[in-house]
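Structural features, examined
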Amino acid sequence: MTDKPLVISCPLPRTLPLIFAPDRLAELHARYEVIETTDEDLPGLPDAVLSRARHIIGQPPLDTATLARLSALRCVFNVESNLLNNMPYDEVFARGIHVVTTGAVFALPVAEMGLGMALSLLRGIHSADADFRAGTERWGGDGNAGMRQLSGATVGIVGFGDLGRALGRVLTGFRPRLLVHDPWQAPSVTRAGGAEPVGLDALLAQSDVVFVTAAVTSENAGFLGAEAFASMKPGAAFILLSRAEVVDFEALMAAVDRGHIRAATDVFPQEPMPADHPVRGLEGLLLSAHRAGALDSAFAQMGEMVLEDMDLIDRGLPPQVCKRAERETVARMRSRPVSVN
Ligand SMILES: NC(=O)C1=CN([C@@H]2O[C@H](COP(=O)(O)OP(=O)(O)OC[C@H]3O[C@@H](n4cnc5c(N)ncnc54)[C@H](O)[C@@H]3O)[C@@H](O)[C@H]2O)C=CC1
Ligand SMILES: O=C(O)C(=O)COP(=O)(O)O
């Protein structure tokens, strides 16, 4: 036993070497006694350990009894970073324990992927490459039927959290008219991100490109369905980056299949998708196997964020770097964490 503050670590599917660069991992061990465990084994740790734990790295399910034994706990650092409704948040907050997430690390990687998808859908980059390989390429303007520019387009972003705002930033060079629908955001916050707050119907009807970066919540499962796709402009691009559960995936496939819209998706109702799933043969749908956020450089930022906030909390200050779970929404989040990093 040492007199260093104690950290319980159970970050699966992440690992400490994934989220801490070697020098940062050394710093973590220099500053803290680190007990590595799993979600399943945590409640079985002795009281002598649980009662000294100041920070948890991970989001283990905690019941009231285990929470009571974690009497020195100050912060849960959720490095997955989607929140599970797996602890009595009312009690957690009543005890002044912070719950924070490192999800912002994915914002720029996802935004850049979204930008690439938009350009590829609007200019047919991926489809022209496939045609060329198949010997069916069309040269010059003949290969540009239905193609359009991103510059000056009307772009809609559904969900203007970390991902959506990062997208807004990477799009600025294209000078879009930026429409945002986010019912949980104050209009002035949306405007501060350079966007016009609008209703979902207006966004869908007016946008040339629609990005979806809304979290799944207890209220919005499948809220983008057949009607939503039908209300989009013919030939508009729909780019799904957050979670498949916010759309009716069959309806999305049908809208693409009949040629009404073109689309790209990084996320699927089942991951991995079955080998024989019709989505694999659907022309007009650009497919990406949940790769948008998962860059090594993003994962490594998590450790940096955690160390900075641990230091603030250890000095009696509030966390400033990670995003805090809010008491009003924490138990309403439904985006399932990934199982493959
Ligand atoms: N494809 C990938 O690699 C990645 C996907 N994600 C997914 O993207 C989602 C968003 O991530 P962040 O921006 O970091 O989360 P965030 O919590 O910062 O933003 C989510 C936004 O969705 C909004 N929202 C809630 N209900 C809505 C509705 N009905 N319509 C429109 N907006 C609504 C919220 O107000 C919030 O602003 C996450 O839930 C996560 O599952 C996150 C990282 C990587
Ligand atoms: O990669 C993603 O899609 C993410 O949302 C990352 O966070 P997660 O591990 O899924 O909670």
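From a predicted model like this one, the values you see are computed outputs, not experimental measurements.

Regarding the nonpolar core
Counting 52 residues, the largest nonpolar core has Phe 20, Leu 28, Ile 57, Val 155, Val 209, Phe 211 and Ile 239 as the members making the most contacts within it. There are two domains that each give this core at least three residues, and those are domain 1 (6-102 + 296-332) and domain 2 (106-287). Once residues lying within four places of it in the same chain are set aside, the contact partners of Val 209 are Ala 118, Leu 122, Leu 150, Thr 154, Val 155, Gly 156, Ala 237 and Ile 239. The next biggest cluster of nonpolar side chains, apart from the first, holds 33 residues, and it includes Leu 179, Val 210, Met 232 and Phe 238.

A look at unusual backbone geometry
A cis amide bond, omega 5 degrees, links Leu 12 with the succeeding residue Pro 13. Assignment of secondary structure puts Pro 13 in the loop between β1 (6-10) and α1 (16-19). For the peptide bond that leads from Glu 271 to Pro 272, omega is 0 degrees, which places it in the cis range. The topology assignment puts Pro 272 in the loop between β11 (262-265) and β12 (285-287). Unusually for a residue other than glycine, Arg 175 sits at a positive phi of about 45 degrees. Note on placement: Arg 175 falls in the loop between α8 (162-170) and β7 (177-181). Within the chain, His 290 stands out as a residue other than glycine whose phi angle is a positive 45 degrees. With relative accessibility at 22%, the residue His 290 sits in the partly exposed group.

Details of the sheet that holds strand β9 (residues 209-212)
Sheets are built from strands paired through backbone hydrogen bonds, the pairs being either parallel or antiparallel. Reading across the sheet, the 7 strands line up as β8-β7-β6-β9-β10-β11-β12 and stay open at both edges, with parallel pairing between neighbours. Two strands bound the open sheet, and with one partner strand each, they are β8 (196-197) and β12. Where strand β10 (residues 237-240) meets β11, 4 bridges bridge the pair, whose relative direction is parallel. Across the sheet, residue Ile 239 finds its bridge partner in β11, namely Ala 264.

Points about the state of the cysteines
Applying the stated rule across the entire model yields 0 disulfides. Left unpaired, Cys 10 is separated from the closest cysteine sulfur, that of Cys 75, by 13 Å. Exposure remark for Cys 10: the relative accessible area of 3% places this residue in the buried category. Cys 75 provides the cysteine sulfur closest to Cys 322, a residue in no disulfide bond, and the two sulfurs are 7.1 Å apart. Take Cys 322: its relative accessible area is 6%, and that puts it in the buried class.

Topic: the packing of helix α2 (residues 22-31) against helix α13 (residues 296-314)
Between α2 and α13, the shortest axis-to-axis distance is 10 Å and the interhelical angle comes to 25 degrees. Considering their axes alone, α2 and α13 lie roughly parallel with respect to each other. Our pair here, α2 against α13, has a crossing hand that is left-handed. In contact with Arg 24, Glu 27, Leu 28 and Arg 31 of α2, α13 contributes Glu 304, Leu 307, Met 310 and Asp 311.

Details of the site of ligand 1
Looking at ligand 1, there are 28 residues lining it, with Leu 163, Asp 182, Leu 241, Lys 323 and Ser 335 nearest. Between Asp 266 and ligand 1, the recorded distance is 2.9 Å, taken from a side-chain N or O atom to a nitrogen atom. Separating an oxygen atom of ligand 1 from a side-chain N or O atom of Ser 335 is a distance of 2.7 Å. For ligand 1, whose free accessible area comes to 850 Å², the fraction covered by protein is 89%. When grouped by side-chain class, the residues that make up the shell around ligand 1 number 12 nonpolar, 11 polar and 5 charged.

Looking at the layout of surface pockets
In this structure, the second largest pocket occupies an estimated 650 Å³ of space. What lines the second largest pocket is a set of 26 residues, among which Gly 124, Ser 127, Ala 128, Asp 131 and Met 147 lie closest to the centre. Taken together, the elements giving at least two residues each to the lining of the second largest pocket come down to α6 (107-123), α7 (125-134) and β12. In terms of residues, the lining of the second largest pocket owes the most to one element, α7, which gives 6 residues. In terms of residue class, the lining of the second largest pocket is built from 10 nonpolar, 9 polar and 7 charged.

The rules we used
Residues numbered from 1 in each chain as written. Chains lettered and ligands numbered in written order. Predicted model: local features only at pLDDT ≥ 70, side-chain atom pairs only at ≥ 80, totals over all residues. Heavy atoms only, no water. Core = buried A, V, L, I, M, F, W, Y, C linked by side-chain atoms within 4.5 Å. Buried < 20%, exposed > 50% of the residue type's maximum accessible area, 1.4 Å probe, protein only. Domains from an automatic or database assignment. Contact = heavy atoms within 4.5 Å. Helix = DSSP H or I, 4+ residues; strand = E, 2+ residues; numbered from the N terminus. Pairing = 2+ DSSP bridges. Disulfide = S-S within 2.5 Å. Axes fitted to C-alpha atoms, helices over the stretch in contact; angles between N-to-C directions. Parallel < 35°, antiparallel > 145°, perpendicular 65-115°, else oblique. Left-handed = near helix turned anticlockwise from the far one by under 90°. Near = heavy atom within 4 Å. Polar contact = N/O pair within 3.5 Å; in protein donor to acceptor, adjacent residues only side chain to side chain. Areas by Shrake-Rupley, 256 points an atom, 1.4 Å probe, with all protein chains shown as cover. Nonpolar A, V, L, I, M, F, W, Y, C, P; charged D, E, K, R; others polar. 1 Å grid on protein atoms, 1.4 Å probe; cavity = no way out; pocket = protein on both sides within 12 Å on 5 of 7 lines; lining within 4 Å. Points joined across faces, edges and corners; volume = space filled by probe spheres on them.

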